[in-house]
Amino acid sequence: VQLQASGGGLVQAGGSLRLSCAASGRTFSTDVMGWFRQAPGKEREFVAATSWSGGNYYYADSVKGRFTISRDNAKNTVFLQMNGLKPEDTAVYYCAVKPPYNSGQYYHAPSYEYWGQGTQVTVSS
């Protein structure tokens, strides 16, 4: 399994970015796809997740109403639309796959087995 994250960059506060995560290596019909972020000196934290099928969406309270996770099943790609960005959103963003045989919670990083390389998001004030 390979995950390729892209779309990060430098943006002013209030701006928007759209992250993409292209997955390959097998089918993902029963997985959960998640986005996490890690700021310097902080632990990796949950941002958003979606089931590959079924239309379930989960968000951290800190991004609810500003970020939207979506997917394109035909392209095996998951997106994270980030609007109303704040300086505290600055972090490296990672996409990850939680296989169906892992019963851990979707917001718990150890529940995810495969990780992308990360993409830097920097929000200036």
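S.K.: Any chance you could explain the environment of Val 11 here in plain terms?
M.R.: Tracing the sequence through the fold places Val 11 in strand β2 (residues 9–12). As for Val 11 and Ser 124, which are separated by 113 residues in sequence, their C-alpha atoms are 6.3 Å apart. Apart from the residues lying within four places of it in its own chain, the contact partners of Val 11 are Ser 16, Leu 17, Leu 85, Thr 122, Val 123 and Ser 124.

S.K.: How should I be thinking about the nonpolar core in this particular structure?
M.R.: Core analysis: the largest hydrophobic core is formed by 35 residues, its most contacted members being Trp 35, Val 47, Phe 67, Leu 80, Met 82 and Tyr 93. Within the residue set of this core, elements represented by two or more residues are β1 (2–6), β3 (17–24), β4 (32–38), β5 (45–51), β7 (67–72), β8 (77–82), β9 (91–98) and β11 (119–124). For Phe 67, the contacting residues outside a window of four places in its chain are Arg 37, Val 47, Tyr 59, Leu 80, Gln 81, Met 82, Asn 83, Leu 85, Asp 89 and Tyr 93.

S.K.: What am I meant to see in the environment of Tyr 101 here?
M.R.: Relative to the assigned elements, Tyr 101 resides in the loop between β9 and β10 (114–115). Taking the C-alpha atoms as reference, Tyr 101 lies 8.9 Å from Asp 31; in sequence the two are 70 residues apart. If we ignore the near neighbours within four places in the chain, the residues touching Tyr 101 are Glu 113 and Tyr 114. A polar atom in the side chain of Tyr 101 sits 2.5 Å from the side chain of Glu 113.

S.K.: Mind showing me how you'd approach the pairing of β4 here?
M.R.: Regular strands place their side chains on alternate faces of the sheet. Counted residue by residue, β4 has six buried out of seven residues, so it is predominantly covered. In this structure, β4 lies alongside β5, joined through six bridges in antiparallel fashion. Counted as the bridge partner of Gly 34 is Ala 49 from β5. What sits between β4 and β5 in their antiparallel hairpin is a turn of six residues, with Gly 41 showing a positive phi close to 80°. The pairing of β4 with β9 spans seven bridges and is classified as antiparallel. Across the sheet, residue Gln 38 finds its bridge partner in β9, namely Val 92.

S.K.: I tried to follow the pattern of salt bridges on my own but got confused; where do I start?
M.R.: Note on pairing: side chains with opposite charge can pair once their charged atoms come close. Inspection of the entire model under this criterion finds five salt bridges. Asp 61 serves as the salt-bridge partner of Lys 64, at 3.2 Å between the closest nitrogen and oxygen. Residues Arg 66 and Asp 89 are paired through a salt bridge, measuring 2.8 Å at the closest nitrogen-oxygen approach. With Arg 66 in the loop between β6 (57–59) and β7 and Asp 89 in the loop between β8 and β9, this residue pair connects regions lying 23 residues apart in the sequence. Here Arg 66 matches Asp 89 in class, with each residue buried.

What counts, and where the lines are drawn
- Residues numbered from 1 in each chain as written.
- Predicted model: local features only at pLDDT ≥ 70, side-chain atom pairs only at ≥ 80, totals over all residues.
- Heavy atoms only, no water.
- Helix = DSSP H or I, 4+ residues; strand = E, 2+ residues; numbered from the N terminus.
- Contact = heavy atoms within 4.5 Å.
- Core = buried A, V, L, I, M, F, W, Y, C linked by side-chain atoms within 4.5 Å.
- Buried < 20%, exposed > 50% of the residue type's maximum accessible area, 1.4 Å probe, protein only.
- Polar contact = N/O pair within 3.5 Å; in protein donor to acceptor, adjacent residues only side chain to side chain.
- Pairing = 2+ DSSP bridges.
- Salt bridge = Lys/Arg side-chain N within 4 Å of Asp/Glu carboxyl O.

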